[in-house]
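Coordinates in review
Residues per chain are reported as follows:
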Amino acid sequence: MSNQAQQPDWGRIAEKFDLWLPHIAPVGEAMLQALPVAPGDKVLDVACGTGEPALTLADRNPHARITAIDAAAPMVEVAQRKAHERKLANIDFEAMAAEHMRFADASFDRLCCRFGVMLFEDSGAGLNEMRRVLKPGGDFALAVWSTPETMTTMHWARRAFAGRLPEDKQPAVDKISSLGLPGRLEAMLTEAGFADFTVQCITFHYRFESFDAYWDLVEASDILKQQFDALPEGGRREVRDEVASFAHEFHGPDGLAIPHDYLLASGS
């Protein structure tokens, strides 16, 4: 079974992907804090999805030149529309796979990638390309999910669908968390030629006023549509109820706070 077969249909959900952006915004902010950008810099955002954090970079650094790429053309179309609506003249988007970048060596002063590397068809090849197009001494920041158990919402989904769907229909938790194992990301960065970097494990929270609000987002975003469509009649409600039982311990006075861990690698 290919890794691609396990992943969501990013093209189909491009218009709905932004529903999750407020919840992963702290990750993008941490990356940008770790990535110094100066006037005149050329910055590359790899696997930009529907435009973040590239659009924020362009907003905050009007005298830098931002280039953003994603392998999913429908995602890029959404990002381009946003840049046009916001009248950002210092940013360009292209549909391009990280493993096959059409840029010359040492083209960029800075580089970032939020939750992309682990989803590449070939993560090692993508990191090699990222190192190739980054200037010697250039800065980078990238984020990947940590271990399966600490990617809480996907771990819930995997547990809830277990026994209800065959293995080839399960959520791609193993793929999404494939670089979270201890030492894995460090080894791949070193192999790709990155020599001066740190890796931190950081916890942030998805916050909702209630479980119902969380589940409404799951269904509205279609992030698990492949799995829901494969369930027998009545199965969706059973999955919802089981996930609700998992979420019970994370309720507090301010609503539902769901912890997630990710790894932030940054350096030059």
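Residues numbered from 1 in each chain as written. Predicted model: local features only at pLDDT ≥ 70, side-chain atom pairs only at ≥ 80, totals over all residues. Heavy atoms only, no water.

Put simply, the chain has an average pLDDT of 93, and 95% of its residues get 70 or more. Here residues 1-6 is modelled with pLDDT under 50, and outside its nearest four sequence neighbours on either side it reaches 8 contacts, counting other chains as well. (pLDDT = per-residue confidence, 0-100. Contact = heavy atoms within 4.5 Å.)

Ranked by internal contacts, the top residues of the largest apolar core, which has 93 residues, are Val-46, Phe-93, Met-101, Met-130, Leu-142 and Tyr-214. It is strand β5 (residues 134-145) that provides the largest number of residues to this core, a total of 7 residues. Discounting residues that sit within four places of it in the chain, Tyr-214 has contacts with Trp-20, Thr-153, Trp-156, Phe-208, Val-243, Leu-256 and Ile-258. (Core = buried A, V, L, I, M, F, W, Y, C linked by side-chain atoms within 4.5 Å. Buried < 20%, exposed > 50% of the residue type's maximum accessible area, 1.4 Å probe, protein only. Helix = DSSP H or I, 4+ residues; strand = E, 2+ residues; numbered from the N terminus.)

As a further point, take the packing of helix α7 (residues 152-161) against helix α12 (residues 235-247). At their nearest, the axes of α7 and α12 sit 9 Å apart, and the two run at 135° to each other. By the angle between their directions, the pair α7 and α12 is classed as oblique. Like other packed secondary-structure pairs, α7 and α12 cross with a definite hand, here right-handed. Of the residues in α12, those touching α7 at Trp-156, Arg-159, Ala-160 and Phe-161 are Val-239, Glu-242, Val-243, Phe-246 and Ala-247. Split by residue class, the contact of α7 with α12 holds 7 nonpolar, no polar and 2 charged. (Axes fitted to C-alpha atoms, helices over the stretch in contact; angles between N-to-C directions. Parallel < 35°, antiparallel > 145°, perpendicular 65-115°, else oblique. Left-handed = near helix turned anticlockwise from the far one by under 90°. Nonpolar A, V, L, I, M, F, W, Y, C, P; charged D, E, K, R; others polar.)

Here we take up empty space enclosed by the protein. Enumeration according to the criterion identifies 1 cavity of 30 Å³ or more in this entry. Approximately 50 Å³ is the volume found for the largest cavity. Along its surface, the largest cavity is lined by Thr-153, Trp-156, Ala-157, Phe-161, Tyr-214, Trp-215, Val-218, Leu-224, Val-239 and Val-243. At the level of elements, α7, α10 (211-221) and α12 are the ones that each hand at least two residues to the lining of the largest cavity. (1 Å grid on protein atoms, 1.4 Å probe; cavity = no way out; pocket = protein on both sides within 12 Å on 5 of 7 lines; lining within 4 Å. Points joined across faces, edges and corners; volume = space filled by probe spheres on them.)

For the rest of this paragraph, the subject is the side chain of Thr-152. Mapped onto the elements, Thr-152 comes out in helix α7. A polar contact is formed between the side chain of Thr-152 and the backbone oxygen of Pro-259, at a distance of 2.3 Å. (Polar contact = N/O pair within 3.5 Å; in protein donor to acceptor, adjacent residues only side chain to side chain.)

With that out of the way, let us pick up α7. One turn of an α-helix holds 3.6 residues; hence residues three or four places apart share an orientation. Across the 10 residues of α7, 8 count as buried, placing the element largely inside the fold. When α7 is considered as a whole, its buried residues turn out to be Thr-152, Thr-153, Met-154, Trp-156, Ala-157, Arg-158, Ala-160 and Phe-161. Buried residues along α7 sit against α8 (173-176), β6 (197-208), α10, α11 (225-230), α12 and β8 (255-267). Directly beyond the C-terminal end of α7, a positive phi value near 85° is found at Gly-163.

Put simply, Glu-52 and Pro-53 share a cis peptide bond, and its omega is 5°. Note that Pro-53 resides in the loop between β1 (42-46) and α4 (54-60). Of note in the backbone geometry, Ala-47 takes a positive phi value of approximately 60° without being a glycine. Positionally, Ala-47 belongs in the loop between β1 and α4.

Time to look at the packing of aromatic side chains. Across all of its chains, the model carries 16 aromatic pairs by this definition. Pairing Phe-103 with Phe-108 gives two aromatic rings, centres 5.1 Å apart and planes at 85°, and the pair type is edge-to-face. Three or more aromatic residues joined by ring pairs form one cluster here, namely Trp-156, Phe-161, Phe-208, Phe-211, Tyr-214, Trp-215, Phe-228 and Phe-250. Taking the ring centre of Phe-246 as reference, the NZ or CZ of Arg-159 above it sits at 3.8 Å. (Phe/Tyr/Trp six-rings, centres within 6.5 Å; stacked < 30°, edge-to-face > 60°. Lys NZ or Arg CZ within 6 Å of the ring centre and 35° of its normal.)

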